[in-house]
Structure formats: C-alpha cells, structure tokens
Amino acid sequence: VIIKMLNSCIKEPHSYLAVFVMQQDGRARLDFMQNMEHKFIELLSCEFVASSEEVVRQQITFRYNSTKSRLALMQTRLQDINALVKVKNPSLLLQLQKTMPRVHAKR
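Definitions and limits used
Residues numbered from 1 in each chain as written. Predicted model: local features only at pLDDT ≥ 70, side-chain atom pairs only at ≥ 80, totals over all residues. Heavy atoms only, no water. Helix = DSSP H or I, 4+ residues; strand = E, 2+ residues; numbered from the N terminus. Rg over C-alpha atoms; globule rule 2.2 N^0.38 Å. Buried < 20%, exposed > 50% of the residue type's maximum accessible area, 1.4 Å probe, protein only. Contact = heavy atoms within 4.5 Å. Lys, Arg positive; Asp, Glu negative; His and termini not counted. Charge placed at Lys NZ, Arg CZ, Asp CG, Glu CD. Pairing = 2+ DSSP bridges. Arc of directions from axis to C-beta.

## Side note on the overall build of the chain
Per the secondary structure count, the chain includes three helices and three strands. Listing the helices and strands of the chain from first to last along the sequence gives α-β-β-β-α-α. In terms of overall size, the chain is more extended than a compact globule, its C-alpha atoms giving a radius of gyration of 24 Å where 107 residues would be expected to give roughly 13 Å. In terms of overall dimensions, the chain has a C-alpha envelope of 70 × 40 × 20 Å along the principal axes. Sorting the 107 residues of the chain into buried and exposed places 12% on the buried side. In the chain, the share of contacts with a sequence separation of at least 24, taken over all contacts with a separation of at least 6, comes to 16%. One way to put it: in the chain the 16 positive side-chain charges average out to a point 21 Å from where the 9 negative ones average out.

Below you can see the structure in the form of structure tokens.
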C-alpha cells in the first residue's frame, strides 16, 4: 500500500501529496493526502520513531555483509560460467573478455 501511494505521488503530483514531518525528539510522521479539487483527503498516516545508533549500526552491518556475500556468490557464478564457456567455446570467451570492460581489478 505504501509503495502504491509513493508511486501515485510521483506519477500524479497534482493529485497526490506526501508530507514527512520530523520532530526534535526523534519522532516523525508521514501523511499521504489526495487533492480533491476543493479539499484534501488524508489517505494514510504513518508514525515513526528514531532508532538508536546501535540498531542503525547493526542494520548497516547486516546489509553490508549481505551485499558482500551476494557479490561473492555472483563472482563465483561468473567464474563458473567463464570456465564452462572456456571449455565449450574458447574463442567466444576471448571475444567476451575483450568487449567487456573491467569494472575493478581483483584484490
């Protein structure tokens, strides 16, 4: 529902509005409103509370480690595919390696 409302605000900014208000004490509120010619209708209101620095640090660490492990899996998968292509069609692998730019050097 929230994603649908955010997309409505992006696609139809003249009809839908999102207002995010933050307080000094760490609380916040996100209101979704619809402009109905002569009045605004509040569609949804979400309350937020700021997380502690420790919780934020844990979330960042978790997401970083998840992304890092996903990258390692994709690199392993790419190496496996390269090895298979090298066995089946070495000239194709050479062409692919010439045309594909190196994103970063191996560490």
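## Description of the pairing of strand β3 (residues 39-49)
Relative to β3, strand β2 (residues 27-36) runs antiparallel, the two being bridged by 10 bridges. When the sheet's bridge partners are listed, Asp 31 is paired in β3 with Ser 45. Joining the antiparallel neighbours β2 and β3 is a turn of two residues, in which Glu 37 adopts a positive phi near 55°.

## A closer look at helix α1 (residues 2-11)
Looking at α1, one finds that the buried residues are Met 5, Ser 8 and Cys 9. Taken down its axis, α1 places every buried residue within 100° of arc, on the same side. When the buried face of α1 is taken as reference, the exposed residues oriented beyond 90 degrees from it are Ile 3, Lys 4, Ile 10 and Lys 11. Next to the buried residues of α1 lie β1 (16-22), β2 and β3.

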